[in-house]
Each structure stands twice: as structure tokens, then as C-alpha cells.
Amino acid sequence: MESKKEKTFKFVVVGGGIAGVTCVEQLSSQFPSEAVALVTAGPHIKAVTNYKQVSRRLEEFDVEEKPSSVLEDKYPNLTIIHSAVKSLRTRTHCVETADGRVFGYEKLCICSGARPKLLTQENPHVLGIRDTDSAQEFQKRLAKAKRIVVVGNGGIALELVYEVRRCEVIWAVKDKAIGNTFFDAGAAQFLIPSLEADKEQAAAPCKRQRFTTEEPAPDAAHTFTADEYSRGQNPGPVESGSALGPDWHRGIELRGAEQGSRRVSVEYLCEVEHIFTSEEFLVSSKQTPKPDTGSWPVYVQLTNGETFGCDFVVSATGVVPNTEPFLHGNNFSLADDGGLRVDDHMMTSETDVYAAGDACSACWEHSPLWQQMRLWTQARQMGWYAGRCMAADVLSEPIDLDFCFELFSHVTKFFNYKVVLLGKFNAQGLGSDHELLVRCTKGREYVKVVLSGGRMVGAVLIGETDLEETFENLILNRMDLTAYGEELLNPDIDIEDYFD
Ligand code: FAD
């Protein structure tokens, strides 16, 4: 492959998603006289627009698909190669593309993203949603559908069940509450009423709840153990108030063939046992008589014993990093989730090869307040930081881990509510060594604070709470808040002034 090299670039970045584009922009602008290449499979690239720093750590931006010429016009030293990478030879520092060309690199960054982890491969009745094409296919199929089964409990499933209209949705989640990737049972209960069709939610009086990891005091009507709470046994907040990327559904109507509005039934604590075609289902029904489930193109049997016929199944059960083309003949170290392991300089186990975004797994020793989640914000941060690390390496300059990896922070929207997640927002990895404070106003806001050793280590803010900046500062300052107790969430106290 060495002798066939068409050209050698100082830097080659693979992937026209957020991570790859951010990385290549960083390198092209820092080294205007060096040759930089972006190798990407599709004709378009994803560009960050309307970037807004919401607070020290929180950022918001839109992502737009643009023709790749936009980048070439901006950076004269950048060449865009429209072909997928077919193979990589780390020993000779070159990549081969699907159209048979070979390019050399001095430093390479792999930003090839991830693809949906489908329940089953090559079943025409099972769809995954990843990119514009798959979203359009979903929309087309939905237009003729009366009932769909959505399997999965992450962000994509959450958005989807909320947006779909005029089609019955059976939502199968493996957990005891919806949105387990982002929320606990209390937040899930707060969101559930939004799934009920077109109901206006009146704001109920505000209640505060406190949850401790200790035994509840006998008279403590508002106290629950964290364990009870996480098992969803706390009725408090519930009754008293409880690639593509963000907005991928904006601009596409998600309507089925039925009349009416949203109809969602959630099947909790179950996974898919089996998917039958209508013929297979007929045969199996003859052996074991089943209740009349109508006639559908596909049937989904769940592990809770229920079987549902539907027009098609949406598999939203996570993603698998796209690493295959890069592995053969090389010696990459992979994480359990299939991502390329990277160190605190975004470097893989192969010399001069970096990785960023969904394709990589962050394997350095994380800050106690940060965790990797395959999200747009992290794809942008990693792409940018990988570019800086590659530059520092070339210039033999030292570089410290960027401060964006100090505190996990994410702003998004679920069920039309603003959602801010900070630090160990779900008490991840804290075991029983934490305390929760919760304030909830039905239909308006849900605020949860995670305290550990008296210090705030995480928060979930749903609705227009205006608390993100103060909480972010409290988390970063590591201030002992023991003395403030429940007052922290007292709605009558202006907490911003309090900590001024
Ligand atoms: P990608 O955006 O997947 O880009 C990968 C690029 O690599 C693509 O251009 C692809 O063509 C290219 N490529 C792949 N293989 C090769 C190859 N062999 N050779 C050359 N090029 C290759 N995140 C959020 O933060 N908030 C959300 O609300 C949200 N919603 C989502 C909804 C959906 C439906 C999906 C699918 C994802 C959502 N995400 C969301 C996740 C977010 O989109 C991803 O984390 C992010 O896009 C990852 O960026 P990336 O650059 O690493 O990968």
C-alpha cells in the first residue's frame, strides 16, 4: 500500500460528523500552511452553528448538515476526500479508501461515530434511527402505520415516543422507569403525564422532598431512603407534583395512519424475547393459543410474557462504535463497549492515531464529576481537544486535560422541557454514599440535587429552573453544604443571592 500513496498529509481526520469537523477545523486553522485532509463517507458534513456558552461548563449549539465545500472554502489548506476508509495501515501510516486511493498521514484522528445496535440484523420490520436517511425511512413507514413497538430507554426512544402522533406506540423498556439513561424514577414520574394525549398540565403547589441514605425518621413524611427512591418506591414527587442529534425530528412530521393524538403504553422491566413474522406467529399461535391480537406484519414477544403485533419495530437500544475498517492488521486496544480506547491525550494504543466522539472510549482516570456519554456536546469537546493534542504533539508542547472533562454537563430537551444534567446527576458510582434533595412542581419543574459527604456532586434540572449556573458553581467549588440542608431547594429563597 505504501508505494501507491497518492499524497501524504500532515493531518488526516476520518469522519464528517461533529467530532471530525471540529477536529479538522482546529487543525486547519492552527496550521494554515500544512496539508490537512478530511476523509468522510457522505457528501455532507455536520457543522456546529449558534454556539452559545450557557455557563462556565454548559454549552448549547445547533448542528446543521452542510455541503463539505463550505469547509474547503474556509480553509484553503484542507482537502475533503469523499470516500469511506476501507483499511488502515498504522505501520506505514496510510489509509485506503473504498474508491481504491491511498493517502499517507503523519497524525490521524478517527472520528467515525457509531451506528445503532439493532435488536436483529436484516429484519425488514426492524428499524434503527441514526442519520437523515434512516429518519426519513422511519417517517415514510410511520405514515402508513397504526401501531409501532419502540424498544429502548435512551434519549432517542424518549424523543420518539413523545413526538409520534396518530399511531399507537408500545414502548418496551428494560428498566422500572422511563429514560433510565438520563433520569431516576422520580424524574420519570414527573415526565410521564406529558405522554398523555394533549392534556394541559396545571401547575400544582410546590413541594419539597428530601431523600437520605439513612433510615427515614418515623415522623418524616417527606423522607425516603435513596434506595427506596431509586427503586421508584417514593410516591412523593410523583403524586404531589412529580446522530442526528437534538431536535432530529424537527421539520419532519412523525404521524401515523390513525386518528387522534398521542397514544403510548409503556411496558416496564422487559426486553424482547422474540420477533415473529406474521407467518411464524400464525404457526406458533396454533401450538400455543394466544389472545386475538389482530393481523400485523410483525409480532414482538416480550420477556414479561406479552406479545404485540405491530407495523414495525424501532430498535433504539444504544449504539456500537464504527471501528471495523480500522482494526484489521493493527493492534488497537478496544474498550468493553467496542470503542477505541483513548488516553487523556485522545491517543489510541497505536502510534500517531487519535480518536474522538462516538468512536472512542475515554479510558483515562476520569474526574469524579465526569462520565462519558455518547452525545453531541462530548463529540464537539473531544474533537476540539483531540485537534489541540495532535497540534501539541507536533509542536512538542505539553497539554493538560481540558477543563470540559472536569464536570459532566449537558443541556437538552425532553418532552418539551428544558433538561440540564450536571456531574453525577444519577449518583452514578456513588453506591449508597449519597443523599438526594428533590423539589418538584407538577407540570412545571423537577429539581434534584445529589450530595455526597455534604457536597453537591450532581443535579438534574427539568423545566425553566434558572438554577444551572449556581449549581454548577456549587459543584465545582466543592463547598460543604451540610449547614444549608433542605434550604438549598427552598423555592422562597433566591439561592443565587444566598451564595453570592
Ligand atoms: P457521527 O456524527 O456519527 O459522525 C461520524 C462520521 O463518520 C459520519 O460523517 C460518517 O459518514 C463517517 N464515517 C463513518 N465510518 C467511516 C469510514 N469508514 N470512513 C469515512 N467516514 C466514515 N446527542 C445529543 O447530545 N443530544 C441529542 O438529543 C441526541 N439525539 C440523538 C438522536 C439520534 C436519532 C441519534 C442517532 C443520535 C443522537 N445523539 C444526541 C447523539 C449524537 O448525535 C452523537 O453523539 C454525535 O453525533 C456523535 O458525533 P460523531 O462525530 O462522533 O459521530
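Treat the numbers as computed from the prediction; the structure is a model and nothing was measured.

Some points on the overall build of the protein chain
Part 1 of the reasoning: Helices and strands together make up the secondary structure of the protein chain, namely twelve helices and 28 strands.
Part 2 of the reasoning: Per-residue burial for the protein chain yields a buried fraction of 55% across its 500 residues.

Regarding the sheet that holds strand 18 (residues 307–310)
Part 1 of the reasoning: The strand order across the open sheet formed by three strands is 16-17-18, and the pairing between neighbours is antiparallel. In the strand order of this sheet, the two ends are held by strand 16 (272–277) and strand 18, each with one partner. Here the strands of the sheet are splayed against their neighbours by 20° on average, with no regard to which way each runs.
Part 2 of the reasoning: By the bridge criterion, four bridges tie strand 17 (residues 298–302) to strand 18 in an arrangement that is antiparallel. If you follow V300 over to strand 18, its bridge partner there is F308.

As for the side chain of Q378
Part 1 of the reasoning: Mapped onto the elements of the fold, Q378 is located in helix 10 (residues 376–394).
Part 2 of the reasoning: A distance of 3.0 Å separates a polar atom in the side chain of Q378 from the backbone oxygen of Q371.
Part 3 of the reasoning: The contact partners of Q378, leaving out residues within four places of it in the chain, are W370, Q371, Q372, M373 and F408.

What about the domain arrangement of the protein chain?
Part 1 of the reasoning: Assigned domains within the protein chain: domain 1 (7–113 + 322–402), domain 2 (117–197 + 240–318) and domain 3 (416–498).
Part 2 of the reasoning: On a C-alpha basis, the centroid separation for the pair domain 2 and domain 3 is 32 Å.
Part 3 of the reasoning: Across the contact, 13 residues belong to domain 2 and 16 residues belong to domain 3.
Part 4 of the reasoning: Here domain 2 packs against domain 3, burying approximately 1100 Å² in sum over the two surfaces, 67% of which is carbon and sulfur.
Part 5 of the reasoning: Inspection of the region where domain 2 meets domain 3 yields one salt bridge.
Part 6 of the reasoning: Residue K448 is joined to D184 by a salt bridge in which the shortest nitrogen-to-oxygen separation is 2.6 Å.
Part 7 of the reasoning: Put simply, domain 2 and domain 3 have five residue pairs in polar contact (both at pLDDT 80 or more) between them.
Part 8 of the reasoning: Of the residues forming the side of domain 2 that touches domain 3, the biggest block, four residues, is contributed by helix 5 (residues 185–191).
Part 9 of the reasoning: Per-class residue counts for the side of domain 2 that touches domain 3 are six nonpolar, six polar and one charged.

So, helix 4 (residues 155–163)
Part 1 of the reasoning: Burial within helix 4 is extensive, with seven of its nine residues counted as buried.
Part 2 of the reasoning: Where helix 4 is buried, its residues meet helix 3 (132–143), strand 11 (147–151), strand 12 (167–172), strand 15 (262–267), strand 19 (312–315) and strand 24 (409–414).

Rules used in this analysis
Residues numbered from 1 in each chain as written. Predicted model: local features only at pLDDT ≥ 70, side-chain atom pairs only at ≥ 80, totals over all residues. Heavy atoms only, no water. Helix = DSSP H or I, 4+ residues; strand = E, 2+ residues; numbered from the N terminus. Buried < 20%, exposed > 50% of the residue type's maximum accessible area, 1.4 Å probe, protein only. Pairing = 2+ DSSP bridges. Axes fitted to C-alpha atoms, helices over the stretch in contact; angles between N-to-C directions. Polar contact = N/O pair within 3.5 Å; in protein donor to acceptor, adjacent residues only side chain to side chain. Contact = heavy atoms within 4.5 Å. Domains from an automatic or database assignment. Buried area = accessible area lost by both parts, 1.4 Å probe. Salt bridge = Lys/Arg side-chain N within 4 Å of Asp/Glu carboxyl O. Nonpolar A, V, L, I, M, F, W, Y, C, P; charged D, E, K, R; others polar.

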